[in-house]
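As a plain string of letters, each chain reads:
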Amino acid sequence: MKTAAQRLQQYRDEALNPRWVRPLTWRDTKQFHPSAWGAPRPNNVRGQKGEVFTDSIDQYGDDLGPVGKLYPRMIDHNGWYSDTHYDALIVGHVCRMRCPRGTLYIPATLCTGWDGTVHYLGDAELVPKGATEEEHDRACREAARSADHYAEREAEEAREDNAKSLAESDIEQAREEIHGINQTTLSLIREIKQHGKKYTPAVCIALASTIKAGLRDRAEQFKIIKAREEDYWTAAPGY
C-alpha cells in the first residue's frame, strides 16, 4: 500500500509524463458513437495530461458512482467545494468500460454547479481478462483515489479562479465608486467657491462634513483596490 506522499509524487510524475491510450484501441467507436444515429457528436476535447473533457459522466463506460459512496472508509467526504461561497462540489467518480484487453476503471469528475465532466483516461486502471475479483477491486480503488485527487485539484483551481473573478469585480466596482465620489465632491467644491459667502455657517459646516465623508469613502475604495491587487483571496467570503 502506497503512502499519501508516494501517491502524490506518483500523480506529479504522471502529470509530467502522462500515459495516454487512444479510446479507439478500447472499442469500436463507429458502433457506439451517437453520431452513427444522427445524434450530435459528444464533446471529446483532450487536455495535455491524458484527460478528456466530456458532456456526461457515462460518456466513457458505466458510472459506478461517487468515490465517497464506493469507498466511504477511504474517502470520508462527498466532494470538494468549487467556489468560495461553498455552493457547488466537484466529486470524483469511477467509470467502468469493457475493452478487448479486459476492463478499464476510469477516474472521472463532475461538478454539481455546472455541466460537463472530465474523464482521466490517461490514469485508467486496466484489469486483464480472467482477473480475480480482488484485482478488479484493487483497480477500482486506485481509480477512486485518482478521481478524488483530481477532484480536489480541480476544486482548488476553481476556487482560485472564483476568487480572482470576485477581486476583479470588486476593483471595477471600487473604481466606479471613486469616479462617482470625485464627481460629487468636485461639484460641491465648485459650488462652495461660487456661493460660499452666501451660505450660513451651518450650511458651510454641513457641506464640509459631506465632502470629508466623501473623501473618507474614496480612501476606503482605494484600500479595497490595493488589497485585491495584492491578494485576490481577500475578495473571498470569510477571508
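J.: When you look at the overall build of the protein chain in this model, what are you seeing that I'm missing?
T.: In terms of helices and strands, the protein chain carries five helices and eight strands. The linear arrangement of helices and strands in the protein chain, starting from the amino end, is α-α-β-β-β-α-β-β-β-β-β-α-α. For the protein chain, the proportion of its 239 residues judged to be buried stands at 36%. If you take every contact in the protein chain between residues at least 6 apart in sequence, the share linking residues at least 24 apart comes to 63%. When the accessible area of the protein chain is evaluated, it comes to approximately 14,900 Å², of which 51% is carbon and sulfur surface.

J.: Which parts of the structure should I look at to understand helix H5 (residues 201-230)?
T.: An α-helix turns once per 3.6 residues; consequently, residues spaced three or four apart project the same way. Its 30 residues place the ends of H5 43 Å apart at the C-alpha level, agreeing with the 44 Å of an ideal helix rising 1.5 Å per residue. Where H5 is concerned, the buried positions are Leu207, Ile211, Gly214, Gln221, Ile225 and Arg228. In the core, the buried residues of H5 are packed alongside helix H4 (133-195).

J.: I keep staring at the packing of aromatic side chains and nothing clicks. Help me out?
T.: Geometrically, a pair of aromatic rings is defined through the distance of the ring centres and the angle of the planes. Applying the stated rule across the entire model yields three aromatic pairs. With centroids separated by 5.0 Å and ring planes inclined at 85°, the aromatic side chains of Tyr81 and Tyr86 adopt a geometry described as edge-to-face. Relative to Tyr150, the ring of Tyr120 lies with its centre 3.8 Å away and its plane at 5°, an arrangement referred to as stacked. Residue Tyr120 is found in strand E7 (residues 117-120), and its partner Tyr150 is found in helix H4; the two are separated by 30 residues along the sequence.

J.: How should the confidence of the model for the protein chain be read in this particular structure?
T.: If pLDDT is low for a region, its predicted coordinates should not be looked at in detail. Overall, the prediction assigns the protein chain a mean pLDDT of 82, with 81% of residues at 70 or greater. Ignoring residues within four places in sequence, the model shows residues 1-9, a span with pLDDT below 50, making six contacts including any to other chains. Note that residues 18-39 has pLDDT below 50 and, in this model, 40 contacts with residues that lie over four places away or in other chains.

J.: I tried to follow the packing of H4 against H5 on my own but got confused; where do I start?
T.: A pair of packed helices can be characterised by two numbers: the angle between their axes and the separation between those axes. Close contact between H4 and H5 brings their axes to 9 Å; oriented N to C, the two are set at 160°. Judged by the angle between their axes, H4 and H5 are roughly antiparallel. The crossing of H4 and H5 is left-handed.

J.: Would you mind showing me how to read a negative patch on the surface here?
T.: Together, Glu172, Glu176, Glu177 and Asp217 give the surface a local cluster of negative charge. Considering each element in turn, the negative patch owes the most residues, three residues, to H4. Looking at the element boundaries, Glu176 is found in helix H4.

J.: In this structure, what is going on with the environment of Val52? I would like to understand it.
T.: By secondary structure assignment, the location of Val52 is in strand E2 (residues 51-54). Considering only alpha carbons, one finds Val52 and Val118, 66 residues apart in sequence, at a separation of 5.6 Å.

J.: Any chance you could explain the side chain of Arg145 here in plain terms?
T.: When you line up the elements, Arg145 lands in helix H4. A polar contact is formed between the side chain of Arg145 and the side chain of Glu142, at a distance of 2.5 Å.

J.: Is there a simple way to think about the pattern of salt bridges in this case?
T.: Charged atoms that come close allow side chains of opposite charge to pair. The full count for this structure, using the stated rule, is eight salt bridges. Of the charged contacts in the structure, one is a salt bridge between Arg145 and Glu142, with a shortest N-O distance of 2.5 Å. Within this pair, Arg145 and its partner Glu142 are both found in helix H4, separated by three residues, close to a single helical turn. With a relative accessible area of 11%, Arg145 lands in the buried category. Taking the relative accessible area as the measure of exposure, Glu142 reaches 23% and is therefore partly exposed.

J.: I would appreciate a short explanation of unusual backbone geometry in the present structure.
T.: Most of the time, phi is negative for any residue but glycine, and the peptide bond is trans. Positive phi, normally seen in glycine, also occurs at Tyr86, with a value near 60°. With respect to the helices and strands, the residue Tyr86 is situated in the loop between strand E4 (80-81) and strand E5 (89-99).

J.: Can you walk me through the side chain of Thr84 in this structure?
T.: When you line up the elements, Thr84 lands in the loop between E4 and E5. Only 2.5 Å separates the side chain of Thr84 from the side chain of Asn162, close enough to count as a polar contact. Each residue touching Thr84, except ones within four places of it in the same chain, is listed here: Arg159, Asn162, Ala163, Leu166, Trp233, Ala236 and Pro237.

Reading the values: rules and limits
- Residues numbered from 1 in each chain as written.
- Predicted model: local features only at pLDDT ≥ 70, side-chain atom pairs only at ≥ 80, totals over all residues.
- Heavy atoms only, no water.
- Helix = DSSP H or I, 4+ residues; strand = E, 2+ residues; numbered from the N terminus.
- Buried < 20%, exposed > 50% of the residue type's maximum accessible area, 1.4 Å probe, protein only.
- Contact = heavy atoms within 4.5 Å.
- Areas by Shrake-Rupley, 256 points an atom, 1.4 Å probe, with all protein chains shown as cover.
- Expected span 1.5 Å × (residues − 1).
- Phe/Tyr/Trp six-rings, centres within 6.5 Å; stacked < 30°, edge-to-face > 60°.
- pLDDT = per-residue confidence, 0-100.
- Axes fitted to C-alpha atoms, helices over the stretch in contact; angles between N-to-C directions.
- Parallel < 35°, antiparallel > 145°, perpendicular 65-115°, else oblique.
- Left-handed = near helix turned anticlockwise from the far one by under 90°.
- Patch = residues over 30% accessible without salt bridge, like charges linked within 9 Å, V, L, I, M, F, W, Y side chains within 5 Å.
- Salt bridge = Lys/Arg side-chain N within 4 Å of Asp/Glu carboxyl O.
- Lys, Arg positive; Asp, Glu negative; His and termini not counted.
- Charge placed at Lys NZ, Arg CZ, Asp CG, Glu CD.
- Polar contact = N/O pair within 3.5 Å; in protein donor to acceptor, adjacent residues only side chain to side chain.

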